[in-house]
Amino acid sequence: MANLLTSSIGKKITMSLAGLFLAVFLLVHLGINMLLIVSDTYTFNVAANFMASNKLIKVVEIVLFLGIFLHIIYGIWLQIQNWMSRPVGYAKSNNSQTSFFSKYMIHTAVVILIFLVIHLVDFFFKSKFMKDSMPPEVAPGIEDMATIVIAKFKQLPFVIIYLVCFLLLGFHLFHAFQSAFQTFGFSHKKYTPCIKTVGVIYALIIIFGYSLIALVIYLSPNY
Amino acid sequence: MDFTLKIWRQENAKAKGRFETYKISNISSDCSFLEMLDQLNETLVDKIEIPICFDHDCREGICGMCSLYINGRPHGPDDDITTCQLHMRKFKDGDTITIEPWRAKAFPVIKDLMVDRNALDKIIQAGGYVSISTGGVPDANSIPVSKKNSDLAMDAAQCIGCGACVATCKNASAMLFVAAKVSHLALLPQGKVEAKERVLRMVRKMDELGFGNCTNTGACEAECPKSITLTNIARLNREFIFAGILSEDKY
Amino acid sequence: MTTLNSKIPKGQLENKWTGYKASQNLVNPPNKRKIDVIIVGTGLAGSSAASSLGAMGFNVKIFCIQDSPRRAHSIAAQGGINAAKNYPNDGDSVYRLFYDTIKGGDYRAREANVYRLAEVSNNIIDQCVAQGVPFAREYGGLLDNRSFGGAQVSRTFYARGQTGQQLLLGAYSALSYEINNGNVQMFTRREMMDVVIVDGKARGIIVRNLITGDIERHSAHAVVLATGGYGNVYFLSTNAMNSNCSAAIQAWRKGAFIANPAYVQIHPTCIPVHGDYQSKLTLMSESLRNDGRIWVPKKKEDAEKIRNKQLKAKDLKEEDRDYFLERRYPAFGNLVPRDVASRAAKERCDAGFGVGNTGLAVFLDFASAINRLGKNVIEERYGNLFQMYEKIVDENPYQNPMMIYPAVHYTMGGIWVDYELMTTIPGLYAAGEANFSDHGANRLGASALMQGLADGYFVLPYTVQNYLSSDIKTGAISTTLPEFDAAEKAVKDRLQGLLSIKGKRSVDSFHKELGKTMWNHVGMGRTKESLEKALVVFKDIRERFHKELLIPGTTEGVNIELEKATRVEDYIDMAELITTDALTRNESCGGHFREESQTEEGEAKRDDANYMYVGAWEYKGTGEMTLHKEDLNYENIEVKSRNYK
């Protein structure tokens with residue numbers, strides 16, 4: 001098993017596993033956020049509160065943070081190794097035909113990481129550790145997350161940053177989804193094209209889903 | 001045709017290299033890239049200068065000895081070929097051509113454009129074989145092999161060990177090279193017997209030698225002169241995962 | 001002539017090898033560990049010998065010029081490998097393979113050696129399959145066979161158009177296994193500069209490290225040369241750039257004999273020469289002649305128009321074309337053996353009917369095959385070859401006929417060896433293309449791979465062991481012996497000598513000059529006059545070489561010009577050997593065609609009464625040599641003349 005964790009392929013598998021888990025989380029997160037525009041703020045607050053307080057979800061949350069942590073640490077580790085494997089670079093930049101997004105995984109990753117930190121400070125840590133700065137609860141034990149979110153999305157600079165970050169996250173996912181399956185050794189004449197299509201659709205859903213919420217809230221006078 | 005050549009010159013492994021610019025004229029478009037370099041060397045020798053050192057041998061695209069990173073592509077601007085099969089008609093008259101050695105930690109430069117690819121041999125020595133010695137083998141037809149697997153094995157076995165995959169990979173990864181050998185032998189019943197040990201040993205050796213990791217970018221597949229596909233890397237991953245989980249030994 | 005003892009075992013032909021193996025001397029395992037063997041060259045013969053001897057327990061050191069043993073030029077063989085498996089149930093047998101090989105060699109090969117080759121051919125296929133060589137298979141999972149020139153059965157095993165590659169990678173993998181086991185030590189980027197003889201026995205070699213420039217000494221109890229042929233004497237050949245005959249020439253200068261050097265195989269289907277700058281020629285597989293028809297224009301004026309690009313080949317009317325092979329050899333047509341096809345093409349071009357911008361090319365036309373079978377079938381059969389042709393020539397062979405011309409391809413001659421593959425120097429062996437043994441005056445397609453692997457896997461492990469059984473008490477050979485000092489000094493002096501000429505001409509310019517003379521005077525058609533003239537030219541080239549050569553740089557580090565210089569110096573000796581042998585052999589046989597010796601219809605005429613012998617040449621100083629004859633006795637085969645009409 002040691003081979004699986006420390007070898008080059010093992011590290012990649014760990015990366016992929018964590019990444020796919022994060023991809024699932026992104027979908028769930030999107031679903032809850034969607035409530036803001038398809039339902040009312042109260043339902044959103046209830047759902048958000050459920051995610052924050054349910055015992056089982058708490059366990060999942062630990063796994064989630066572990067996933068994020070592993071994905072980042074392994075990502076950095078692999079990247080450093082990759083840089084070290086070519087100490088003297090080429091004068092002429094590479095002209096080989098490659099999948100475009102795969103070349104910029106580390107760059108998109110850095111942007112996503114910065115966004116993630118801001119995001120966690122703005123929403124997650126605020127509701128957990130900075131209760132004073134929170135608006136009053138909408139019902140006993142149910143925090144008013146909706147108000148915080150809406151307040152953020154009413155600021156144009158934030159919306160722009162948000163849209164750019166999700167576009168880059170989408171780029172990351174374009175490559176990441178199908179790449180994970182390749183890393184797991186899954187390659188099949190019939191099914192691999194399906195996986196690639198699903199990956200693209202998934203990335204598009206993430207980009208447009210999250211962007212839509214931000215835009216609707218920013219543009220609509222109802223919020 | 002006339003060309004301006006920017007060529008990496010480096011006296012030996014320890015020396016600091018630099019680009020030198022050379023002009024060459026009256027080159028036939030039917031001339032191969034290496035023959036163009038031959039002609040340049042001939043002019044250098046006439047001037048009692050040290051000719052440019054580059055690896056080459058069979059000059060028909062099968063020995064895997066020629067290398068060269070030409071205008072940002074290993075084996076230059078054509079698909080499914082080695083440098084010796086590249087012809088000057090692929091360039092425009094008056095072009096400036098930048099020629100670099102292959103760059104990777106595992107491929108140190110020996111002189112000018114010549115690099116040491118011994119690392120690839122070491123990976124094979126770690127397990128890229130069926131552990132049998134001469135004699136005592138069964139009749140060739142005693143074990144049938146499905147035509148499909150035999151053909152897939154041949155697809156992978158065509159690797160010429162040139163290292164273009166490593167040269168073009170942004171991570172200088174040797175995964176396609178290792179995948180080709182692992183696939184070739186894993187697909188055949190003769191190689192299946194020790195497939196688990198083989199994949200673990202070869203991957204460990206690859207890691208030891210300082211090659212990078214695979215990020216499924218596909219540059220290797222695009223530049224492989226023998227069109228070896230990424231499917232083989234998936235097979236390598238698969239073999240590795242099963243071997244890693246099931247194997248009781250540590251490699 | 002007493003030195004030429006071929007040591008053929010007594011007994012019936014089919015029992016000779018079995019008898020040898022049963023009575024040979026062995027070395028027990030602990031003693032094997034005390035014995036060193038040097039192998040030079042990592043092609044099919046070298047790699048297979050090293051892995052086999054290593055697995056037996058000998059300490060093997062193996063050397064190659066390239067950066068990796070896998071680069072050896074065996075890798076470029078396309079067609080296939082013969083074996084008498086009789087899988088297709090078409091009447092093949094060991095005897096038939098033996099018979100075809102002797103006949104194909106124009107009755108100039110040794111019966112016992114060829115029979116042994118045919119005998120072990122089946123073991124080779126078994127061995128290679130067990131190594132994981134992906135031979136072509138049929139849908140039922142069993143091995144596929146195809147037919148090749150010179151045989152009436154299908155006995156050729158193949159791996160697409162890359163059989164040589166796959167077999168070499170098989171041998172390379174076996175070698176890698178033994179390197180990993182610690183039984184074989186690999187030395188890459190080393191060139192053998194001399195054989196060291198101690199008390200009359202080969203006891204080591206001197207090599208130059210091509211990276212550092214250091215001269216190194218390596219000792220052993222036996223030395224095997226598996227260094228390939230000498231085709232590059234001609235400058236342009238299908239050989240790799242680094243293929244050379246220097247190891248053979250070093251051995252020759254130390255007392256080994258070189259046999260039948262005049263037997264050079266010229267392959268008919270190569271891509272023609274297209275310019276002075278050209279460095280090598282590319283072979284197109286012989287299999288193309290199965291469906292392609294070879295022709296030139298019937299009228300000289302049409303040929304001239306085609307040469308001047310005023311007329312396109314495909315526009316020339318059917319009745320104005322001369323399908324000269326079909327015309328001359330109605331029975332075999334385009335499928336006559338290599339030597340016959342090559343000469344016929346040369347004859348037409350010399351007569352002024354050649355095409356291409358140089359006039360030295362003939363057409364290989366697939367138009368009728370495409371009409372008959374469809375483009376798809378042709379693409380399936382020859383797609384990769386057509387693609388290769390298009391990459392090089394930049395012309396679509398589906399639309400315009402291919403142009404081909406013969407080129408030097410393989411050398412049947414080589415270092416003289418006895419039945420045990422030992423040269424006239426005790427303890428010095430030669431294997432594969434480097435020796436002269438099995439192909440007579442002409443090699444059949446798919447037999448080179450067979451011979452290389454037979455020597456390495458199944459012959460040398462027995463015969464070398466037999467010899468080494470007397471060395472179990474010798475102990476390690478010291479590299480500080482005076483013989484090593486002397487050899488190393490001679491090598492250093494030679495290199496310094498070449499560097500200090502400081503003339504004005506590059507090595508390649510001499511090589512080209514030598515090659516051109518060889519091709520024009522000692523090529524496909526040889527006469528007394530042309531050969532005598534060539535010998536004069538070679539003397540002159542040697543003199544000027546030692547006056548006008550220019551090598552930049554020093555002996556330290558990589559010096560590619562210095563590497564080439566020693567090789568070209570040796571090529572001059574080899575050129576003289578080939579020419580002298582060709583001059584002495586006043587008959588036409590196989591790859592050797594003396595224009596004085598032909599029938600009225602222009603076919604090769606053998607002279608069995610006077611020339612049924614192996615001509616082995618002994619070195620007697622620069623430019624000097626004497627002939628030793630080994631008579632060939634055919635006891636199991638009736639000697640006939642070859643007829644393909």
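The model shown is predicted, which means the values in this text are computed figures rather than measured ones. (Residues numbered from 1 in each chain as written. Chains lettered and ligands numbered in written order. Predicted model: local features only at pLDDT ≥ 70, side-chain atom pairs only at ≥ 80, totals over all residues.)

A.B. asks: Explanation requested: the overall build of chain C in the structure shown.
C.D. replies: When helices and strands are tallied, chain C shows 18 helices and 20 strands. Against the 2.2 N^0.38 benchmark of 26 Å for 645 residues, chain C shows a C-alpha radius of gyration of 24 Å, consistent with a compact globule. (Helix = DSSP H or I, 4+ residues; strand = E, 2+ residues; numbered from the N terminus. Rg over C-alpha atoms; globule rule 2.2 N^0.38 Å.)

A.B. asks: For this particular structure, what's the right way to read the overall build of chain B?
C.D. replies: Scanning chain B from N- to C-terminus turns up 9 helices and 7 strands. Projected onto the principal axes, the alpha-carbon positions of chain B cover approximately 60 × 35 × 35 Å. Out of the 251 residues belonging to chain B, those deemed buried represent 62%. Contacts in chain B between residues at least 24 apart in sequence constitute 69% of all its contacts with a sequence separation of at least 6. (Buried ≥ 20, exposed ≤ 12 C-beta atoms within 10 Å, placed from the backbone. Contact = placed C-beta atoms within 7 Å.)

A.B. asks: Sorry if this is basic, but what is going on with the interface of chain B and chain C here?
C.D. replies: When the parts come together, some accessible area is lost, and that loss is often what is quoted as the size of the interface. Taken together, the contact pairs 65 residues of chain B with 63 residues of chain C. Where the side of chain B that touches chain C is concerned, the elements lending two or more residues are helix H1 (33–46), strand E6 (109–111), helix H2 (118–125), helix H3 (147–157), helix H5 (175–186) and helix H6 (189–192) of chain B. A per-element tally of the side of chain B that touches chain C places H1 of chain B first, with 7 residues. Of the residues contributing to the side of chain B that touches chain C, the split by class is 28 nonpolar, 20 polar and 17 charged. (Nonpolar A, V, L, I, M, F, W, Y, C, P; charged D, E, K, R; others polar.)

A.B. asks: Can you help me understand helix H9 (residues 231–246) of chain B in this one?
C.D. replies: Residues lying three or four places apart along an α-helix face the same way, a consequence of the helix completing one turn every 3.6 residues. With 16 residues, H9 of chain B extends 22 Å from end C-alpha to end C-alpha; this agrees with the ideal 22 Å at 1.5 Å per step. Taken together, the buried positions of H9 of chain B are Asn232, Ile233, Ala234, Arg235, Leu236, Asn237, Glu239, Phe240, Ala243 and Gly244 of chain B. (Expected span 1.5 Å × (residues − 1).)

A.B. asks: How should the domain arrangement of chain B be read in this particular structure?
C.D. replies: Residues and elements named next belong to chain B. Domain boundaries in chain B define domain 1 (3–111) and domain 2 (117–246). Once you take the C-alpha centre of each, domain 1 and domain 2 turn out to be 29 Å apart. If you look at the interface, domain 1 gives 18 residues, while domain 2 gives 17 residues. Of the residues in the side of domain 1 that touches domain 2, the class split is 9 nonpolar, 5 polar and 4 charged. (Domains from an automatic or database assignment.)

A.B. asks: Help me out: how do you make sense of the packing of helix H2 (residues 8–38) of chain A against helix H3 (residues 41–53) of chain A in this one?
C.D. replies: In helix packing, the relevant descriptors are the interaxial angle and the interaxial distance, both defined with respect to the helix axes. Residue and element names in this part refer to chain A. The geometry of H2 relative to H3 is characterised by a closest axis approach of 7 Å and an angle of 160 degrees between their N-to-C directions. By the angle between their directions, the pair H2 and H3 is classed as roughly antiparallel. Note that H2 runs across H3; the crossing there is left-handed. Facing H2, whose interface residues are Ile32, Leu35 and Leu36, H3 presents Thr41, Thr43, Phe44, Ala47, Ala48 and Met51. Among the residues making up the contact of H2 with H3, the classes are represented as 7 nonpolar, 2 polar and no charged. (Axes fitted to C-alpha atoms, helices over the stretch in contact; angles between N-to-C directions. Parallel < 35°, antiparallel > 145°, perpendicular 65-115°, else oblique. Left-handed = near helix turned anticlockwise from the far one by under 90°.)

A.B. asks: I'm lost on the confidence of the model for chain C in this one. Help?
C.D. replies: Note: predicted coordinates in regions of low pLDDT should not be interpreted at a detailed level. Confidence in the prediction for chain C averages 95 pLDDT; 100% of positions are at 70 or higher. Scoring the predicted complex yields pTM 0.96 and, for the interface, ipTM 0.98. (pLDDT = per-residue confidence, 0-100.)

A.B. asks: What's the story with the domain arrangement of chain C in this structure? I'm lost.
C.D. replies: All names here are of chain C. When the domains of chain C are assigned, the result is domain 1 (31–263 + 412–471), domain 2 (268–407) and domain 3 (482–596). Taken together, the 5 residues of domain 2 in the interface contact 5 residues of domain 3. The element best represented in the side of domain 2 that touches domain 3 is helix H10 (residues 338–353), accounting for 4 residues. For the side of domain 2 that touches domain 3, the residue count by class is 1 nonpolar, 1 polar and 3 charged.

A.B. asks: Explain the environment of Ser8 of chain A here, please?
C.D. replies: In this fold, Ser8 of chain A is placed in helix H2. Judged by the 25 C-beta atoms lying within 10 Å of it, Ser8 of chain A is buried. When the C-alpha atoms of Ser8 of chain A and Leu78 of chain A are compared, they prove to be 8.0 Å apart, with 70 residues separating the residues in sequence. Non-local contacts of Ser8 of chain A, meaning those with residues more than four positions away in its chain, are made with Val203, Asp207 and Asn213 of chain B.

A.B. asks: Could you clarify how one ought to interpret the arrangement of the chains in this entry?
C.D. replies: Here the protein chains form 2 pairs of chains in contact, of which the pair with the most contacts is chains B and C. Chain A shows no contact with chain C. Their nearest C-alpha atoms sit 20 Å apart.

A.B. asks: What is the right way to look at the interface of chain A and chain B in this model?
C.D. replies: The partner chain B presents 43 residues to the 40 residues of chain A that form the contact. Looking at the side of chain A that touches chain B, the elements with two or more residues in it are helix H1 (2–6), H2, helix H4 (55–84) and helix H7 (156–183) of chain A. When residues of the side of chain A that touches chain B are assigned to their parent elements, the largest contribution, 6 residues, is made by H2 of chain A. Along the lines of polarity and charge, the residues of the side of chain A that touches chain B split into 14 nonpolar, 21 polar and 5 charged.

A.B. asks: Before we go on, may I ask you to explain the sheet that holds strand E7 (residues 190–198) of chain C in this structure?
C.D. replies: Adjacent strands of a sheet pair through backbone hydrogen bonds, lying either parallel or antiparallel. All names here are of chain C. Reading across from one edge, E7-E8-E9 is the order of the 3 strands in this open sheet, with antiparallel pairing throughout. Edge positions in the sheet fall to E7 and strand E9 (215–219), since each of these pairs with one other strand and no more. Between one strand and the next, the sheet's axes are offset by a mean angle of 25 degrees, whatever the strand orientation. As paired elements, strand E8 (residues 201–209) and E9 share 5 bridges and run antiparallel to each other. Within the sheet, the bridge partner assigned to Val207 lies in E9 and is Glu216. Helix H14 (residues 482–499) rests against E7, E8 and E9 of the sheet, and its axis sits at about 140 degrees to E7. (Pairing = 2+ DSSP bridges.)

A.B. asks: What should I look at first to understand the pairing of strand E20 (residues 625–631) of chain C in this one?
C.D. replies: For a regular strand, side-chain orientation follows a simple rule: the groups alternate between the two sheet faces. All names here are of chain C. Where strand E19 (residues 613–619) meets E20, 7 bridges bridge the pair, whose relative direction is antiparallel. The residue of E20 that forms the bridge with Gly615 is Lys629. Following E19, the chain reverses through 5 residues before pairing antiparallel with E20; Gly621 in that reversal takes a positive phi of roughly 100 degrees.

A.B. asks: Would you explain unusual backbone geometry in this entry?
C.D. replies: Leave glycine aside and you will find that most residues have negative phi; peptide bonds, for their part, are mostly trans. Residues and elements named next belong to chain C. Despite not being glycine, Tyr107 has its phi angle at roughly 55 degrees, a positive value. Relative to the assigned elements, Tyr107 resides in the loop between helix H4 (94–104) and helix H5 (111–131). With a phi angle near 50 degrees, Asn260 is a residue other than glycine that sits in the positive phi range. As for its position among the elements, Asn260 is in the loop between strand E11 (258–259) and strand E12 (264–270).

A.B. asks: Help me understand the sheet that holds E19 of chain C in this model?
C.D. replies: Residue and element names in this part refer to chain C. Across the sheet, 4 strands lie side by side as E17-E11-E19-E20; this open sheet has antiparallel pairing. Every interior strand has two partners, whereas the edge strands, strand E17 (414–415) and E20, have only one. Examined bridge by bridge, E11 and E17 share 2 bridges and lie antiparallel to one another. Pairing of Ile258 across the sheet is with Ile415, part of E17. Contacts from helix H17 (residues 560–584) reach E11, E19 and E20 within the one sheet, and its direction differs from that of E19 by about 140 degrees.

A.B. asks: Looking at this structure, I do not really get the pairing of strand E5 (residues 154–157) of chain C. What am I missing?
C.D. replies: All names here are of chain C. With 2 bridges connecting them, strand E3 (residues 81–82) and E5 associate as antiparallel partners. Within E5, the residue paired with Asn82 across the bridge is Thr156. The pairing of strand E4 (residues 146–147) with E5 spans 2 bridges and is antiparallel. Considered in E5, the bridge of Ser147 is made with Ser154.

A.B. asks: Sorry, what's going on with the nonpolar core here?
C.D. replies: Considering soluble globular proteins, one finds that nonpolar side chains tend to be buried as a cluster. The biggest cluster of nonpolar side chains holds 287 residues, and the ones touching the most others in it are Val224 and Leu225 of chain C. By size, the runner-up hydrophobic cluster in this structure holds 25 residues, among which are Ala146, Leu168, Phe171 and Leu173 of chain A. (Core = buried A, V, L, I, M, F, W, Y, C linked by C-beta atoms within 7 Å.)

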